[in-house]
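Geometric and topological summary
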Amino acid sequence: PPLAGTGSRLPKDLPVRLRGIDAPERGRRARCAAEARWAEQSRDALSALLDGHTIFLRDVRMDKYNRLLANVRVNTRGKSIDAGAHLVTLNLAVPYDGGSRDSKGSHWGC
C-alpha cells in the first residue's frame, strides 16, 4: 500500500505494530486455540480495512523490542480511520498502554 507523504510504497513484508492495542497472538505464540482463532479474525479484519487504501503512519518509533511501532490510519470512503481503534471496536483487540499484561490471554478465552 502507498505510504502517504513519501511518494514511496511500504514493502508487503514490513511488519508494523499498531500503537495502543494488544491483539491476540497467532500460531505457537497463542496461549490456547481460542486465542489463535481470535488472532486470525483480527488479522483478516485488519487486512480487509487496509487492502487497496492509502495508509498513514504517525508517531513512528522502535519499541522496546526493536520493532516498528506506529499509529496507523487508513483513508477509506472519504474517512480517516485509526486501524487500532477499529480492531478494538470490533472486539478483536484491547487497549494497551505499554504496561504489564498480566491477564494476557484472558481476553481471548484462555
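Keep in mind that this is a model prediction, so the values were computed, not measured.

Brief notes about the overall build of the chain
- Across its full length, the chain carries two helices and eight strands.
- Helices and strands in the chain line up, N terminus first, as β-β-β-β-α-β-β-β-α-β.
- The buried share of the chain, reckoned over its 110 residues, is 33%.
- Within the chain, counting contacts between residues at least 6 apart in sequence, those at least 24 apart form 58% of the total.
- Carbon and sulfur atoms form 50% of the exposed surface of the chain, whose accessible area is close to 7,200 Å².

Description of the state of the cysteines
- Tallied over the full model, the rule gives one disulfide.
- What pairs with C32 in a disulfide is C110, and their sulfur atoms sit 2.0 Å apart. Between C32 and C110 the disulfide shows an S-S torsion of about -75°. By sign, it is left-handed. Here the residue C32 occupies a position in the loop between β4 (21-22) and α1 (33-50), and C110 occupies one in the segment after β8 (94-95), the gap between them amounting to 78 residues.

So, α1
- For α1, spanning 18 residues, the distance from its first C-alpha to its last is 26 Å, which sits close to the expected 26 Å at 1.5 Å a residue.
- Tucked into the core, α1 has its buried residues touching β3 (17-18), β5 (54-62), β6 (68-76), β7 (79-82) and α2 (83-89).
- Once α1 finishes, G52 follows within two positions and takes phi at roughly 80°, a positive value.

Observations regarding the environment of R67
- Relative to the helices and strands, R67 resides in the loop between β5 and β6.
- Linking R67 and P15, residues 52 residues apart in sequence, is a C-alpha distance of 7.9 Å.
- Excluding residues that lie within four positions of it along the chain, R67 makes contacts with R17, R61 and M62.

A short note on the packing of aromatic side chains
- Counted according to the given criterion, the structure contains one aromatic pair.
- Their ring planes at 50° and their centres at 6.0 Å tell us that W38 and W108 sit as a pair that is tilted. Of the two residues, W38 sits in helix α1 while W108 sits in the segment after β8, which places them 70 residues apart along the sequence.
- Residue W38 is classed as partly exposed on the basis of its relative accessible area, which comes to 30%.

What counts, and where the lines are drawn
Residues numbered from 1 in each chain as written. Predicted model: local features only at pLDDT ≥ 70, side-chain atom pairs only at ≥ 80, totals over all residues. Heavy atoms only, no water. Helix = DSSP H or I, 4+ residues; strand = E, 2+ residues; numbered from the N terminus. Buried < 20%, exposed > 50% of the residue type's maximum accessible area, 1.4 Å probe, protein only. Contact = heavy atoms within 4.5 Å. Areas by Shrake-Rupley, 256 points an atom, 1.4 Å probe, with all protein chains shown as cover. Disulfide = S-S within 2.5 Å. Expected span 1.5 Å × (residues − 1). Phe/Tyr/Trp six-rings, centres within 6.5 Å; stacked < 30°, edge-to-face > 60°.

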